[in-house]
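Each chain is listed here by its residues.
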Amino acid sequence: MCSKRASQYHKVEIPPPQPFLKSLKNTLNEILFADDPFRKIRNESKTSKKIELGLRHVFPILEWARGYSLGYLKSDVISGITIASLAIPQGISYAQLANLPPILGLYSSLVPPLVYAIMGSSRDLAVGTVAVASLLTGAMLGKEVNAVQNPKLYLHLAFTATFFAGLMQTCLGLLRLGFVVEILSHAAIVGFMGGAATVVCLQQLKGLLGLIHFTHSTDIVSVLCSIFSQSHMWKWESGLLGCCFLIFLLTTKHISKKRPKLFWISAMSPLVSVIFGSLFMYFLHDHFHGIPYIGELKKGINPPSITHLVFTSPYVTLALKIGIITGVIALAEGIAVGRSFAMYKNYNIDGNKEMIAFGVMNILGSFSSCYLTTGNLPF
């Protein structure tokens, strides 16, 4: 009985050991080229078809634009208006966090989104300036160059750091390191977004209280010490106006949640706040001296800035260091937000395409008076 049962089993031989270099090559191929994006292109015999597939792989807009219909137009118009209404105050405030001219926040809301719309793989991600990268840029660059005493050099180094950040992000995508996206767990994404939201809220207290000098540190202790050490500098006018608009935004959001048909109220509330706030300061700023305001912004679209990039010593090393650090943070933030949307709506994003899209839009942005941009957190 035992011999009969034993005869039913087959002996499996241990595979012969492979040379180290061959084993390493196979392992790297499994990690970097698991999806093999060029498989479809290689299998095509026609050159024209190969070119078409290659362009569709590099520019995802050529893939989804074929199935686009007018039915999507209404939602896209509403989304565009909503994002634009948020981009105006957000871009201005984040540029100030980086100690850059406010107009740069608006410039950075034009070129990078256009590039990402062509090259990005996420259906829902909006790109623009972000708080964490802006804070890091201002803190690291401000240690070496004074934005008040030497504003031109400070501005040019910000463009150069953006260029290096984009170059690094593009290289990561070309090296097929998009598998990093799969390592990001849901808990890590939620924790990162919550921490970034806390940093943003704390830094906004500077404008809410009308403070001029404020810490660049992001920890709670430093922010609270900076606030309460300047309690004699608090301006009640600025706090009252800010709280009124905050209550207005929260109220419109609550109404839209209770009555989904009135979604447009919440969508238009940021733009309404900007318009009324501008009119209020234009007509009544002489009576409320405690409320700081930006003033007049430059007119026109993005001027070219490719000639302003600094590649001379010792500043090129500083720009490279800032670009790598802020680029990694911005990349992690953008991919985390994009993946959170993808998980919520049950579709996949290509991490390699995301890295390349972020990199190209920052490289082209540095040529057109933009500073570092990435996927925005949906606050």
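Residues numbered from 1 in each chain as written. Predicted model: local features only at pLDDT ≥ 70, side-chain atom pairs only at ≥ 80, totals over all residues. Heavy atoms only, no water.

Draft legend 1. Inspection of the nonpolar core at higher detail. Among the nonpolar cores identified, the biggest contains 50 residues, and Leu 100, Leu 104, Tyr 116, Leu 141, Leu 157, Phe 358 and Tyr 371 are the most heavily contacted of them. Counting residues per element, the ones that place at least two in this core are α6 (73-97), α7 (103-107), α8 (111-119), α9 (131-142), α10 (151-174), α12 (186-203), α17 (315-345) and α18 (351-366). The element best represented in this core is α10, accounting for ten residues. Excluding residues that lie within four positions of it along the chain, Leu 100 makes contacts with Ala 95, Tyr 154, Leu 155, Ala 158 and Tyr 371. Among the nonpolar cores identified, the runner-up in size contains six residues, and Leu 202, Leu 209, Phe 214 and Val 223 belong to it. (Core = buried A, V, L, I, M, F, W, Y, C linked by side-chain atoms within 4.5 Å. Buried < 20%, exposed > 50% of the residue type's maximum accessible area, 1.4 Å probe, protein only. Helix = DSSP H or I, 4+ residues; strand = E, 2+ residues; numbered from the N terminus. Contact = heavy atoms within 4.5 Å.)

Draft legend 2. Region of the structure containing the UniProt feature "transmembrane region" (unreviewed entry) in the chain. Listed under "transmembrane region" (unreviewed entry) in the UniProt record, and renumbered for this structure, are residues 125-142, 154-177, 183-202, 236-255, 262-284, 315-336 and 356-374. Here residues 125-142 is 67% helix and 11% strand, with 30 Å between the C-alpha atoms at its ends. Across residues 154-177 one finds 88% helix and 0% strand; the C-alpha atoms that close the span lie 32 Å apart. (UniProt positions renumbered as here; feature names shortened; annotations may be inferred.)

Draft legend 3. Region of the structure containing the side chain of Ser 305. Along the polypeptide, Ser 305 turns up in the loop between α16 (263-284) and α17. You can call Ser 305 buried: its relative accessible area is 0%. Beyond its immediate stretch of four places on either side in the chain, Ser 305 contacts Phe 159, Ser 366, Phe 367, Ser 368 and Ser 369.

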